[in-house]
Amino acid sequence: MAPELNLIPAPDRVELTGGVGPFSGDVRTEVDPSLGPEAYRLTVSADGAEIVGGDEAGVFWGRQTLRQMLGPESFRRAPSARGPVSVPYVTVEDRPRFAWRGFMLDVARHFLPKDDVLRYVDLLSAHKLNVLHLHLTDDQGWRVEIRRHPRLTEIGAWRRRTRLGWGEPALWDERPHGGFYTQDDLREIVAYAAERHVTVVPEIDLPGHSQAAIAAYPELGNSDVVDTAALEVWTDWGVNRNVLAPTDAVVRFYEDVLDEVLAIFPGRFVHIGGDECLKDQWRESPTAQARIRELGLENEDGLQSWMIRHFAHWLAARGRRLIGWDEILEGGLADGATVMCWRWYAGGIAAAQAGHSVVMCPQQEVYLDHAQAHGPDEPVPFGWVHTLEDVYRFEPVPPRLTGTPHADNIIGAQANLWTEVVENRGRVDYQAFPRLVAFAEVAWSRLPGPDERDFEDFERRMNRAHYARLDALGVGYRPPGGPHPWQQRPGIPGRMHSKPRKTWRMAD
């Protein structure tokens, strides 16, 4: 019987060239650009291992596959057992399906210390995920040091209390919560990630999700319709009506912010949010209405589009590229902007057909803050149930685009983890894993269609090898049989929704 590799994500091609034998530990590497970006060929024999990568990233991913073959022990920081290791003698030829294989970590709602972020870089790279999207600003906190505007962290990084869960009656943790990353912290995270071929994409939200910034600098808000000086960093969850004023002064302020952000994050993409911008205040604001007339716009949607287009051009002039949630399509989108599609598939389909690059991350499929199972033991159940199998059957390219030139505009996929009800590292682990493993295989591998995918095989590989790897990595994942007692949160209410009737087959 051929030895089983238990590779996760599954490789593009595996050839068994021998049996199982001792591994000498000798690893030879080289780069051959003809293999293509991030591709690799791994050969293991009695002489050791040879990894040929299409680039340095390909060599690195080949090392991750070899690491999996060496067993769970290779994922520990120091060996707990010594002695020779037997591995399959194989040739593996492998390449990723998508260039963007991302994970969004929301550190604005609940702050995570720098070391926790570094740890997640390691976890992503171990699963061949290559983008860490850091959600750095929101109504509930501002997490990035901006030296020209210090009150963003002096005031905006701290809230006086926090809602517990997301249900009725409201419960509160009366302890202040907050924190932020210095610019040196973020440069360290970026450099650490780059060594592991992970790109860090910052998100600075505008024009909505901005109450923390307005609390720090009240002139950023619509002060002609609301007393912005009385606002505090928001302590509740949901969609907030306090949004940025559409003025030149506000635009210049955020140009200052982004100037410093660009100096920290060298990657091509900068995320500006653009989602859930309630426009009630703009409708009531004489300043906003005058701006609509001045710019010759039709309505408030046009006003948001004007602001998004401004920053798309501003970033492009500096060699960067704007990416935002699919609401940035409303009112028209600047050429070159990339859409992150979270509201089912419609926005992503429209953007791809219009020639825009798209990253698919529909909440109906890959929002990892949503519950993993039904039942009273799940901690703070939210959203609708996304099981491990549901995530494994996620298909980033919707049927309407399959087989068309527009399918190439789907540059990748991303799993998102919002943290309104996820307050620390242990809860992040529980929500992310093992579902992030399933997502990683979907994002890397060219799998059959969702109905044809062999989930039983995936589950067998998880049980036979990968849960042991997660144990070695110290990941507090959700066990297959349900949460451990210490992972439950009795008495903290959640908010479940009716699961949409649509399935992937109708995502067109």
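Every value quoted in this text rests on a predicted model; they were computed, and no experiment measured them. (Residues numbered from 1 in each chain as written. Predicted model: local features only at pLDDT ≥ 70, side-chain atom pairs only at ≥ 80, totals over all residues. Heavy atoms only, no water.)

1. Some remarks on the sheet that holds strand S18 (residues 358–360)
Pairing is parallel around the closed barrel formed by 8 strands, whose spatial order is S6-S7-S14-S15-S16-S17-S18-S20. When the angles between neighbouring strand axes are averaged without regard to direction, this sheet yields 30 degrees. Bridge count between S18 and strand S20 (residues 410–417): 3 bridges; the pairing is parallel. Paired with Met-360 across the two strands is Ala-413, which belongs to S20. Contacts between helix H6 (residues 248–264) and the sheet are confined to strand S14 (199–206) and strand S15 (269–273), with S14 contributing the most and set at about 170 degrees to the helix. (Pairing = 2+ DSSP bridges. Helix = DSSP H or I, 4+ residues; strand = E, 2+ residues; numbered from the N terminus. Axes fitted to C-alpha atoms, helices over the stretch in contact; angles between N-to-C directions. Contact = heavy atoms within 4.5 Å.)

2. Regarding the nonpolar core
In this structure, Phe-103, Trp-142, Tyr-254, Phe-433 and Phe-439 are the most contacted members of the largest nonpolar core, which totals 130 residues. Grouped together as the second largest cluster of nonpolar side chains are 16 residues, Tyr-40, Val-44, Val-90 and Trp-444 included. (Core = buried A, V, L, I, M, F, W, Y, C linked by side-chain atoms within 4.5 Å. Buried < 20%, exposed > 50% of the residue type's maximum accessible area, 1.4 Å probe, protein only.)

3. Comments concerning the packing of helix H8 (residues 286–295) against helix H9 (residues 300–316)
Two numbers describe how H8 lies on H9: the axes approach to 10 Å, and their chain directions differ by 75 degrees. With respect to their mutual orientation, H8 and H9 come out roughly perpendicular. Here H8 contributes Ala-288, Gln-289, Arg-291, Ile-292 and Leu-295 to the contact with H9, which in turn contributes Glu-300, Leu-303 and Trp-306. Looking at side-chain class alone, the contact of H8 with H9 contains 5 nonpolar, 1 polar and 2 charged residues. (Parallel < 35°, antiparallel > 145°, perpendicular 65-115°, else oblique. Nonpolar A, V, L, I, M, F, W, Y, C, P; charged D, E, K, R; others polar.)

4. Some points on the pattern of salt bridges
By the definition in use, this model includes 39 salt bridges. The salt bridge involving Arg-109 is made with Asp-138; its shortest N-O contact spans 3.4 Å. Taken as a pair, Arg-109 in the loop between strand S6 (100–106) and helix H2 (114–126) and Asp-138 in strand S8 (residues 137–138) lie far apart in primary sequence, 29 residues in all. For Asp-138, a relative accessible area of 2% puts it in the buried group. Note that Glu-378 and Arg-478 form a salt bridge whose closest N and O atoms lie 2.8 Å from each other. Of this pair, Glu-378 sits in the loop between helix H11 (363–366) and strand S19 (382–383) while Arg-478 is found in the loop between helix H15 (455–473) and strand S21 (495–496), placing the two residues 100 residues apart along the sequence. Residue classification places Glu-378 among the buried positions, given a relative accessible area of 7%. Overall, Arg-478 belongs to the buried group, its relative accessible area being 12%. Among the charged side chains, a network of salt bridges with common partners joins Asp-106, Arg-109, Asp-138 and Glu-420. (Salt bridge = Lys/Arg side-chain N within 4 Å of Asp/Glu carboxyl O.)

5. Comments concerning the UniProt feature "domain: Glycoside hydrolase family 20 catalytic" (unreviewed entry) in the chain
Within this numbering scheme, the UniProt entry marks residues 98–446 as carrying the feature "domain: Glycoside hydrolase family 20 catalytic" (unreviewed entry). The span residues 98–446 shows a helical share of 34% and a strand share of 17%, and its end C-alpha atoms are spaced 9 Å apart. (UniProt positions renumbered as here; feature names shortened; annotations may be inferred.)

6. Looking at the packing of aromatic side chains
By the definition in use, this model includes 19 aromatic pairs. Both rings, one in Trp-142 and one in Tyr-254, keep their centres 6.4 Å apart while their planes meet at 65 degrees; by these two values the pair is edge-to-face. Of this pair, Trp-142 sits in strand S9 (residues 141–142) while Tyr-254 sits in helix H6, placing them 112 residues apart in sequence. Residues Trp-142 and Tyr-254 agree in their burial class; the two are buried. Both rings, one in Tyr-392 and one in Phe-458, keep their centres 4.5 Å apart while their planes meet at 25 degrees; by these two values the pair is stacked. (Phe/Tyr/Trp six-rings, centres within 6.5 Å; stacked < 30°, edge-to-face > 60°.)

7. Observations regarding the packing of H2 against helix H13 (residues 425–432)
Viewed as axis vectors pointing N to C, H2 and H13 meet at an angle of 25 degrees, and their least axial separation amounts to 11 Å. The angle between H2 and H13 falls in the class roughly parallel. Seen from above, H2 lies across H13 with right-handed handedness. The residues of H13 that touch H2, namely those facing Asp-116, Arg-119 and Tyr-120, are Arg-425, Val-428, Asp-429 and Ala-432. (Left-handed = near helix turned anticlockwise from the far one by under 90°.)

8. Re the pairing of S14
Most of S14 sits inside the fold, with 7 of its 8 residues counted as buried. Relative to S14, strand S7 (residues 131–135) runs parallel, the two being bridged by 5 bridges. Across the sheet, the residue bridging to His-135 is Glu-203, located in S14. When S14 meets S15, the two strands line up parallel, connected through 2 bridges. Pairing of Leu-206 across the sheet is with Gly-273, part of S15.

9. Focus on unusual backbone geometry
Cis geometry is found at the peptide bond from Glu-168 to Pro-169, where omega equals -5 degrees. Note on placement: Pro-169 falls in the loop between strand S11 (162–164) and strand S12 (171–173). Between Leu-206 and Pro-207 the backbone carries a cis peptide bond, its omega angle lying at -5 degrees. Positionally, Pro-207 belongs in the loop between S14 and helix H5 (211–216). A positive phi angle is found at Lys-128, which is not glycine, with a value near 60 degrees. Relative accessible area serves as the criterion here: at 0%, Lys-128 is assigned to the buried category. For Glu-276, which is not glycine, the phi dihedral falls at a positive 50 degrees. Mapped onto the fold, Glu-276 is located in the loop between S15 and helix H7 (280–284).

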